[in-house]
Each structure stands twice: as C-alpha cells, then as structure tokens.
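Observations on the model geometry
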Amino acid sequence: MNRLMRWIHIKGSPENYYRLAGRLIPWFAIPGLLLLVTGIVYGLVFAPPDYQQGDAYRIIFIHVPSAWMSLFIYLGMSVAAAIALIWRIKVAELTAMACAPIGAVFTALTLLTGSLWGKPMWGTYWEWDARMTSELILLFIYLAIMGLYQAIEDRRKAARAASLLVLVGLVNIPIIHYSVQWWSTLHQGVTVLDRKMDPSMLWPLLIVAVATKLIFATNLLQRTRLLLISTESRKRWVREMAKTETPS
Amino acid sequence: MSLSEFLNMGGYGFFVWWSYGLFAIAILWLLLLPRIQKRFRLKEVRQQIALEQLREQRAGKSSISGSQSSSPESD
Amino acid sequence: MTPTRKRRVYMILIIIMGVTTAVSLMLAAMNKNMEFFYDPSQVAAGEAPVDQLIRVGGMVVEGSIVRTSNTLLTQFDVTDNAHSMTVSYTGILPDLFREGQGIIAKGKMNDTGQFIAAEVLAKHDETYMPPEVASAMKNKAAQP
C-alpha cells in the first residue's frame, strides 16, 4: 500500500499530471468529435422515424446520452472526491472539482432537451414528477458544489469541503435511476437495457453515448490542467511554462 | 428527401432543432472555454513574473538584479 | 490507513447516513402526496372526491373519442381494463393522444360523476421502432 501511494504521489505530482494530461487530450478529443458528428448525422438523417412519435423522437439521440453523462460524471466525481478526502491527493481534489461544471452542463442539457421533447409528445414542457424533479435536484447539487468551491478562500480547504458535499449528494443518484420504478411518473421506463429499441435507432444512440464519454474525458483533462495552473501559479514549473509557452 | 422536408422534421422542427442547437452550443462552450482561459491564466502568470522582477530591480539596483535568485516556492 | 484517516472515513460515512435518512423521510412524505391519483376503478367505487383537484389515468378506450365540430371540446373514455370513466377536455391534445394510449388527466369530478379535465398528458412506452416494422408486427399478430 505504501509503495503504491508513493508511486501515485510521484506520478500524480501536479507537474507530471499536467504533462500526461496534455499528451492524452488529443487521443480523446479527436475520436470523440468524430463519433459525435457520426452519431448525430446517423440519428438525424439515416435513422427511420418512430412509428408513434414520428421525427420528434430524434431528440432521444442527445437526451439519453446527456442523461447518462449527468449520472456517470457524478459517480466519477464521487470517486475522485473520496480519494481526495482520504489521501489528500491534490490532483484528485482538482479532478473532482473539474467534474462539476461538466456534469452541470450535461444535466442542464438533459432537462432542456427533455422539456423540448415533452411538449409535443406529453403535452407539457414540465411536470413535477419524480424523474424530472430528482434530475433538477441533481443540477442544484452540481451548482452547490461549484458554489462552495468558489466560496472558500483557501483552495485546498475549498476542494475538501466541496468533495464532502459531493459524497453527501451521492444519495440523489439511485433516486434518479429508480424514480421511474418507485413512483408512477410521466417519464418512460428503461428502453435500452430491455432491448425495446430497433437496432437502426439504437446504433446512433450508442455512438453518441460513447462520443459524450470521450468528450467528457477531454474536457475533464482540460479543466484539471486549468485548475493546476491556477492553484500552482506560484510554483516554478508553471512559471517556466508561462515563459516558454507563447500564446498560439 | 428534400432539404425543407429534412428541416421540417415531420412538423417537429422547432423542438428537434432547438434541442440539437443547444446541445451543439453547450459542447463547443465546454471544449473552447478552457483553451481561452488557459491563455489568460498564463498571461497573468507572465505579468506576475514581470511585476516581481521590476520590484526586485527597484529594491536592490546594486545587487544581482534580474536574476532568478528568489525561489518562487518561497512565498 | 492511519487512525486520523480512519476517523475521517467514519465521519464521512456518518454524514452520508444522516443525509440518506433525511432524504428517505422526504421521499416518504412525497409518496403520501402522490395519493391524489385515482384510477377508473377507484372512481367507479366512488373513492374520488368531488370538486377537488385530482389526477386520473388509464388507457383511452378504442372508438370512444368524440370531438365536437366547432369547439375544442373532446370527450373520451379511459379504462384500467376493469372499469372505465368519461373525461371531457377543452383544449389542444398532445400529439401522442390516440386510442389505446396511456394518458393522465388533471382536473375535477363534477357532481354528476363526470371528470372535467384541465390538462391532458400522454404517456408513451419504452418501445421505439420504424413504422414499417410496427405494421409488419401488426400484420403478423393479425394472422392466426
């Protein structure tokens, strides 16, 4: 355990992590963007219309991947937050904090695209039912984490306090997931895992789902690097880099 | 399929295109903002270095001015 | 793990347990609030209160939709396969509203036992398929 921790501390030193992340970014960004364009063109142009919902169902190709991301990012953020709280690794703290704005954006997208889908199909933009309310609470939790991180002066104390809030907010995740089973809700139940979708419609959905994961990975590395520059701005490695790296 | 038919989305064009539009804007915003912010942060760091060097020169013109003797880690 | 780290982990666990209890209590309360939903059988049994805002839900009965020619008034029956009830609604119905579709109507029972809806929402199921596949499946089901 100790040797592993020492290895993590060396490899995970801010400077090393910054360089590693910089090298990894294009490996996530390029396939991510290519898959995203592929999946969206597939979904909008080549997938057939739905027998009941016509072309309105095409919103599913961004709504469902966004919803998955809103939960997936929270779980990832919780793992980073737990590591940050237990072992006080700086890179883990910053990773957790970098997750929050990305998760908030995907949660907002889930709510907005769902609302734009609900109006023509259900007949309402919004309904205070279990699925939608718990997803809205998720957005507030993300915003609260970001707010708490900004509110405390000491950057490391701020990250630890916000990490604690991350773990507390974790209780909302199973509630969102099971809300369609626990309560009678307007929202539909599980589609993809129950194989209730035609393959010609399932493929674009899965492609966009993989693409959003890669875009999240790209963005997480970008944002963690940015936080490293901010919090280590007085360290020599950042200063050397600022001098040599001319704005392109 | 004609272009106008495609844009109409079987009468659901408004909802479909707003959804995809918001999605595209959000993804671009996520990916581009950190690039811009990074440039700003590094510029701030450069300004900070320049400021410190200026102070150092003023404080001790006779001594080893402009050198990197003061470790940035010390503060 | 060192003792201080252990203590920190316990602290976190206690906080998470506290919040879980609080949230589950909140949800239990929310569940109670959901009870103003009635299905057609409950309405037939006279359980639904008159002139109070409630929600009813069920499937739209085939052939029961009556539209008036010059107003937006629509009447239709909803069923839970045991009992059915009549719903009147004035307004634009959602696009998914059709025979056999699950719907939720919000409104009040009047004293003649009719449900006057203020809002009608359509539920949709988890199935997605192209129209050709749907009609092929229908044909197959129709053949003995």
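Remember, predicted model here, so these are calculated numbers, not experimental data.

1. Concerning the interface of chain B and chain A
The interface is formed by 35 residues belonging to chain B together with 48 residues belonging to chain A. For the pair chain B and chain A, the summed buried area comes to about 3900 Å², and 71% of that belongs to carbon and sulfur atoms. For chain B, the biggest contributors to the area lost against chain A are Y20(B), F23(B) and L30(B); these three give 18% of the whole. For the interface between chain B and chain A, the tally reads one salt bridge. For E52(B), the salt bridge identified is with R239(A), shortest N-O distance 2.8 Å.

2. Here we look at a nonpolar patch on the surface
Residues V37(A), V41(A), V45(A), F46(A) and M1(B) make up a contiguous nonpolar surface patch of about 530 Å² in total accessible area. Among the secondary structure elements, V41(A) is positioned in helix α2 (residues 14–46).

3. Quick notes on helix α2 (residues 13–59) of chain B
Between the first and last C-alpha of α2(B) there are 68 Å, a value that for 47 residues agrees with the 69 Å anticipated at 1.5 Å per step. Considering bend angle alone, the principal kink of α2(B) is centred on L32(B) and spans about 25 degrees; proline P34(B) follows within four residues of it.

4. A few points about the domain arrangement of chain C
It is common to report an interface's size as the accessible area lost on association of the parts. Segmenting chain C into domains produces domain 1 (1–34) and domain 2 (36–142). A straight line from the C-alpha centre of domain 1 of chain C to that of domain 2 of chain C covers 41 Å.

5. Points about the confidence of the model for chain C
Here chain C averages 82 in pLDDT, while 92% of its residues score no lower than 70. Here the predicted complex carries an ipTM of 0.92, next to a pTM of 0.86.

6. Quick look at the pattern of salt bridges
For the structure on display, the rule yields eleven salt bridges over all chains. One salt-bridge network, in which partners are shared between bridges, spans E127(A), R55(C), K106(C) and E119(C).

7. As for α2(A)
The end-to-end C-alpha separation of α2(A) is 45 Å, in line with the 48 Å expected for 33 residues at 1.5 Å each. Among all positions in α2(A), only P14(A), Y17(A), Y18(A), A21(A), I25(A), A29(A), G32(A), L36(A), G39(A), I40(A), G43(A) and L44(A) are buried.

8. Quick notes on the packing of α2(A) against α2(B)
It is the contact of α2(A) with α2(B), at a shortest axis distance of 14 Å, that shows an interaxial angle of 165 degrees. In this view, α2(A) runs roughly antiparallel relative to α2(B), as classed from their interaxial angle. As for how α2(A) packs across α2(B), the hand of that crossing is left-handed. Where α2(A) approaches α2(B), its residues Y18(A), L33(A), L36(A), I40(A) and L44(A) are matched on the opposing element by V16(B), W17(B), Y20(B), F23(B), I27(B), L31(B) and K38(B). Split by residue class, the contact of α2(A) with α2(B) holds eleven nonpolar, no polar and one charged.

About the cut-offs
- Residues numbered from 1 in each chain as written.
- Chains lettered and ligands numbered in written order.
- Predicted model: local features only at pLDDT ≥ 70, side-chain atom pairs only at ≥ 80, totals over all residues.
- Heavy atoms only, no water.
- Contact = heavy atoms within 4.5 Å.
- Buried area = accessible area lost by both parts, 1.4 Å probe.
- Salt bridge = Lys/Arg side-chain N within 4 Å of Asp/Glu carboxyl O.
- Patch = residues over 30% accessible without salt bridge, like charges linked within 9 Å, V, L, I, M, F, W, Y side chains within 5 Å.
- Areas by Shrake-Rupley, 256 points an atom, 1.4 Å probe, with all protein chains shown as cover.
- Helix = DSSP H or I, 4+ residues; strand = E, 2+ residues; numbered from the N terminus.
- Expected span 1.5 Å × (residues − 1).
- Bend = angle between axes of the 7 residues up to and from the residue.
- Domains from an automatic or database assignment.
- pLDDT = per-residue confidence, 0-100.
- Buried < 20%, exposed > 50% of the residue type's maximum accessible area, 1.4 Å probe, protein only.
- Axes fitted to C-alpha atoms, helices over the stretch in contact; angles between N-to-C directions.
- Parallel < 35°, antiparallel > 145°, perpendicular 65-115°, else oblique.
- Left-handed = near helix turned anticlockwise from the far one by under 90°.
- Nonpolar A, V, L, I, M, F, W, Y, C, P; charged D, E, K, R; others polar.

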